[in-house]
Structures are given as structure tokens and as C-alpha cells.
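Structural overview
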Amino acid sequence: MANPSLLILPGDGIGPEVMAEVKKIIDWYGDKRGLRFDVSEDLVGGAAYDAHGTPLADATMAKAQEVDAVLLGAVGGPKYDKLDFSVKPERGLLRLRKEMDLFSNLRPAQCFDALADFSSLKKEVVAGLDIMIVRELTSGVYFGEPRGIFTEGNERVGINTQRYTESEIARVARSAFELARRRGNKVCSMEKANVMESGILWREVVQKVHDEEYPDVELSHMYADAGAMQLCRWPKQFDVIVTDNLFGDLLSDAAAMLTGSLGMLPSASLGAPMANGRPKALYEPVHGSAPDIAGQGKANPIACILSFAMALRYSFDQGAEADRLEKAVEKVLADGVRTADLMGPEGGKPVSTAEMGNAVVAALDASL
Ligand code: NAD
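Residues numbered from 1 in each chain as written. Predicted model: local features only at pLDDT ≥ 70, side-chain atom pairs only at ≥ 80, totals over all residues. Heavy atoms only, no water.

The name an unreviewed UniProt entry assigns to the protein chain is 3-isopropylmalate dehydrogenase, from the organism Defluviimonas salinarum. A UniProt comment under Function (unreviewed entry) is attached to the protein chain, and it reads "Catalyzes the oxidation of 3-carboxy-2-hydroxy-4-methylpentanoate (3-isopropylmalate) to 3-carboxy-4-methyl-2-oxopentanoate. The product decarboxylates to 4-methyl-2 oxopentanoate." (UniProt positions renumbered as here; feature names shortened; annotations may be inferred.)

Structural data, given as C-alpha cells:
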């Protein structure tokens, strides 16, 4: 059988630096676990603009549509700030998300014990936290029509439209229920059914998908504002949260910060299943290209490494190997290995990007 295929798009700034560490891990899986990938690499963002005058060449887009998973580093940087909007580095990423129709955005909020002190919340509230926010990514108020700034009488009015079809709600609900079955088997759906018709429909459709297809999964509903409070009060009550584009944008950022540094946060964006049953998928760290530290060997590669762990779990059916990689990261942190962004007030000597990657590889070796 052919090896699973992976397209790597390192991008700009710290993207190539953190991706170099992931490549060590991909090689480790080939050498030590016989888990080989057909890896190809291409340009995205500013790097693609420099080479081709566009932030994502058509040939790269076509490749992304064919592979089993895409792993992206980061795009953007001050060098490109003055470019026309249509060729800005971020447009490359948006094109990937749009043309692959990645409607389900997975943002885990996981707190490694060794970093529990980093959270702005009390240690006992966040230690051991492991929740997953599933945000609808391709519809809702960011896309609904009509939209614009219009003139009514003698003043202007800004309009955006929250719009969801039943099928858009159903497919992201299925994605959340499938995930829950691989985790704690619990989904909490968040909307504002008390004041929004789109929220009423959201609640009805999620309940229907549950009753007809996933009755084994525990389902609850919560108003999104109450959900925000509960996330800060006692986040460990949640397993999977499913919500729309706007509320998901806010709730996933809030949940992410429960866990500390931006350098630790992975994400996945999934689309419809392909012919081989795997979902279209793009994995990427939440952080950007960090121009302030690019080229200095200071970047934390863990967000990108954990994004690859998500690929192992959700695209390649290698849940046990994903666990192994996450445990290796946990061990490295427990051993006190820290990049600069993870240094506490007690200080110490930070390790470089490459040293952090090497430490994870050593922990993987130790896991055998
Ligand atoms: P950023 O995420 O790049 O950086 C914010 C802060 O976090 C910086 O101080 C940075 O040094 C730090 N940081 C980020 N990742 C880190 C890591 N792995 N290790 C250590 N520290 C890290 O956000 P920004 O500064 O607002 O944006 C910089 C550029 O990145 C902009 O061009 C922006 O458009 C782009 N951006 C891209 C993406 C993406 O590719 N998905 C996401 C956000 C921003």
C-alpha cells in the first residue's frame, strides 16, 4: 500500500525554523516506527510571493487537494505589509482553507502539568485540562449576505448577516461527535438560541444529528455567554465544545490562553472525507511568523510538533503514536526544558528551537 502523503508548507519567519524540528520527528517515525510518509514540500505566503508573485501557486493548491494532509508553519512578516491585499501572505492560507472547504476548525486547549503555573487561572483549575473546541469555519456571520456599510437616511449603517443552513450545522456537528467518540464522549454545543433564530436552528439540528446518529455521545447545550463564563470558572467540565464561526473565534482564543504560551498551541482544520475516507486536512500552529524572534533560534517548535501529533491522530489513524508524541513533549517539559517563551520568573537558561526539537526526539527514543 502507498505511504500516506504529507505536504509541508513551512512559510515565513519562524515557520521554516519550527518545521525543521517537525521534520526530525517525521524522520524518527520512519526510522524507528516504520511509519513512512511521502513528504513533499512547497512554498506558501511571502516565500511563495517572492518566488512566484502569488502567496499560493496554483500547482501548490492542486497538490494540497491531493495529499492526505497539509502541514503549514506560518505566513506573513513586515516585508510584505505594503503589498496589495490580494497578494498578501495571509491570502495564501485563506485560499487553502477556502478551496479545501475546511469547515471544521479544531483547537485543543490542553494544559501540561509542568506549565500549569503559566496560566492566568489557578493551577488547580487548569492542571490536566484537555478540551477541544470545534469551530465552524466557512459560514456564519463572517460570510453571510447582505454585508457592507450602507447609508440609511442621514447616517451610515454597518451590516453583517448571521446565516447557517441545516447542512452546514449538521456537518460540523458530525465532526464534533466523531471527535468526542475518540475522546471523552461528551459534546457541549454553544449558541444563543435565547436571542437568535440561527441559534434556535443550530440547537435543533445538533440535537437531531445526535439523536439519529450519535445517541451514545453525551450532548448538552449552553448559551455561548454562559459557556464563556464556565470556561473560566471550571473548564475541566468540558470535553468537546462545538460552536459557530463567531462564537468559536472568541471561545477558542479564550480557552487557548487558559494554557499559557502561544508557542504551545496546535490546530487542525478538517473538511469532507476524501475517496479514501480521510478528511481533507490542514494542520498548523496557532501562532504567526513571529518576526520579532525570526532567525534567532528562539522559537518554540512545540505548537508545530503538536500539530503533527494531531495529523497522526486525525489523518493517519495513528492515535497511539500521537499519544506517544504528546507524552514525549510532556516529559521534556516536566524535565524543565524550556524555550525562552516558557521561562518563568525563576529564570534559567532557555534552550534553542533545535535543542527543544532534539529533546523531543530523545524523549521519543526513551519511549521505545
Ligand atoms: P505572532 O503569533 O507571530 O507573534 C505574537 C507574539 O508571540 C510575538 O511576540 C512572538 O515572538 C510570540 N510567538 C509566536 N509564536 C511563537 C513561538 N512559536 N515561540 C515563541 N514565541 C512565539 O503574531 P503577530 O506578531 O501578531 O503576527 C506576526 C505576523 O504573523 C503577521 O504578519 C501576521 O499577519 C502573521 N500571522 C500569521 C498567522 C498564520 O500563519 N497562521 C497567524 C497569526 C499571525
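Given a rise of 1.5 Å per residue, 14 residues ought to cover 20 Å, and the 20 Å separating the end C-alpha atoms of helix H12 (residues 353–366) matches this to within 8%. The set of residues buried in H12 consists of Thr353, Met356, Gly357, Ala359, Val360, Val361, Ala363 and Leu364. Where H12 is buried, its residues touch helix H1 (15–33), helix H10 (302–314) and helix H11 (319–334). (Helix = DSSP H or I, 4+ residues; strand = E, 2+ residues; numbered from the N terminus. Expected span 1.5 Å × (residues − 1). Buried < 20%, exposed > 50% of the residue type's maximum accessible area, 1.4 Å probe, protein only. Contact = heavy atoms within 4.5 Å.)

On to the site of the ligand, then. With respect to spatial proximity, 21 residues lie near the ligand, and among them Glu90, Gly288, Ala290, Asp292 and Asn300 are the closest. Between the ligand and Gly77, the relevant distance is 3.1 Å, taken from an oxygen atom to a main-chain nitrogen or oxygen of the residue. At a separation of 2.8 Å, an oxygen atom of the ligand approaches a polar side-chain atom of Asp292. Here the shell around the ligand is composed, by residue class, of 10 nonpolar, 7 polar and 4 charged. (Near = heavy atom within 4 Å. Polar contact = N/O pair within 3.5 Å; in protein donor to acceptor, adjacent residues only side chain to side chain. Nonpolar A, V, L, I, M, F, W, Y, C, P; charged D, E, K, R; others polar.)

Moving on: the nonpolar core. Residues Tyr283, Phe308 and Leu325 are the most contacted members of the largest nonpolar core, which totals 70 residues. When residues of this core are assigned to their parent elements, the largest contribution, 10 residues, is made by H10. Both domains that meet at this core, namely domain 1 (1–110 + 265–368) and domain 2 (130–258), each give it at least three residues. The contacts of Leu325, once residues within four sequence positions are left out, are Ile25, Tyr29, Ile305, Phe308, Ala309, Leu312, Val360 and Leu364. Residues Val126, Ile131, Phe247 and Leu251 belong to the second largest nonpolar core, which totals 18 residues. (Core = buried A, V, L, I, M, F, W, Y, C linked by side-chain atoms within 4.5 Å. Domains from an automatic or database assignment.)

Looking now at the domain arrangement of the protein chain. Annotation of the protein chain at the domain level lists domain 1 (1–110 + 265–368) and domain 2 (130–258). With 17 residues of domain 1 at the interface, the matching set in domain 2 holds 20 residues. When the two sides are added together, the surface that domain 1 and domain 2 hide from each other amounts to roughly 1,600 Å², 55% of it contributed by carbon and sulfur. On the domain 1 side of the contact with domain 2, Phe103, Arg107 and Ala109 bury the most area, a combined 40% of that side's loss. At the surface where domain 1 touches domain 2, the tally comes to 2 salt bridges. The residue Asp253 makes a salt bridge to Arg107 at a minimum N-O spacing of 3.0 Å. With 7 residues, the top contributor of residues to the side of domain 1 that touches domain 2 is strand S4 (residues 104–110). Residue composition of the side of domain 1 that touches domain 2, by class: 8 nonpolar, 4 polar and 5 charged. (Buried area = accessible area lost by both parts, 1.4 Å probe. Salt bridge = Lys/Arg side-chain N within 4 Å of Asp/Glu carboxyl O.)

Now for the UniProt feature "binding site: Mg(2+)" (unreviewed entry) in the protein chain. Within this structure's numbering, the places UniProt gives as "binding site: Mg(2+)" (unreviewed entry) are Asp225, Asp249 and Asp253. Judged by maximum C-alpha separation, these annotated positions cover 29 residues in sequence but sit close together in space, the widest gap being only 14.3 Å. Along the chain, Asp225 turns up in helix H8 (residues 224–233). Secondary-structure assignment places Asp253 in helix H9 (residues 245–257). On the accessibility criterion, Asp253 (43% relative accessible area) is partly exposed. Polar contacts involving the side chain of Asp253 include one to the side chain of Arg107, which spans 3.0 Å.

Let us look at the packing of aromatic side chains. Think of a pair of aromatic rings as described by two things: how far the centres are apart, and how the planes are tilted against each other in angle. For the structure on display, the rule yields 6 aromatic pairs. Relative to Phe308, the ring of Phe37 lies with its centre 5.9 Å away and its plane at 75 degrees, an arrangement referred to as edge-to-face. Residue Phe37 is located in the loop between H1 and strand S2 (38–41), and its partner Phe308 is located in helix H10; the two are separated by 271 residues in the primary sequence. Neither Phe37 nor Phe308 differs from the other in exposure class; each is buried. For the ring pair Tyr164 and Trp202, a centre distance of 5.3 Å and an interplane angle of 75 degrees mean the geometry is edge-to-face. Here Trp202 lies in helix H7 (residues 197–213) and Tyr164 lies in the loop between strand S7 (155–161) and helix H6 (166–182), a separation of 38 residues in the sequence. Grouping residues by exposure puts Tyr164 and Trp202 together as buried. (Phe/Tyr/Trp six-rings, centres within 6.5 Å; stacked < 30°, edge-to-face > 60°.)

Take the side chain of Glu284 next. Take Glu284: it is sitting in strand S12 (residues 279–285). What makes Glu284 buried here is its relative accessible area of 6%. A polar atom in the side chain of Glu284 sits 3.1 Å from the side chain of Arg97. Not counting residues up to four positions away in its chain, the partners in contact with Glu284 are Leu72, Leu93, Arg97, Pro266, Ser267 and Ser307.

All right, on to the pattern of salt bridges then. Pairing between side chains becomes possible if they bear opposite charge and their charged atoms approach one another. Evaluation of the coordinates by the stated rule reveals 24 salt bridges. In this structure, Arg33 and Glu321 form a salt bridge, with 2.9 Å as the shortest nitrogen-oxygen distance. Separated by 288 residues along the polypeptide, Arg33 in helix H1 and Glu321 in helix H11 bring together distant segments of the chain. Accessibility expressed as a relative area gives 37% for Arg33, which makes it partly exposed. Classification of Glu321 as buried rests on a relative accessible area of 7%. Each of Arg33, Glu321 and Arg324 takes part in a single network of salt bridges with overlapping partners.

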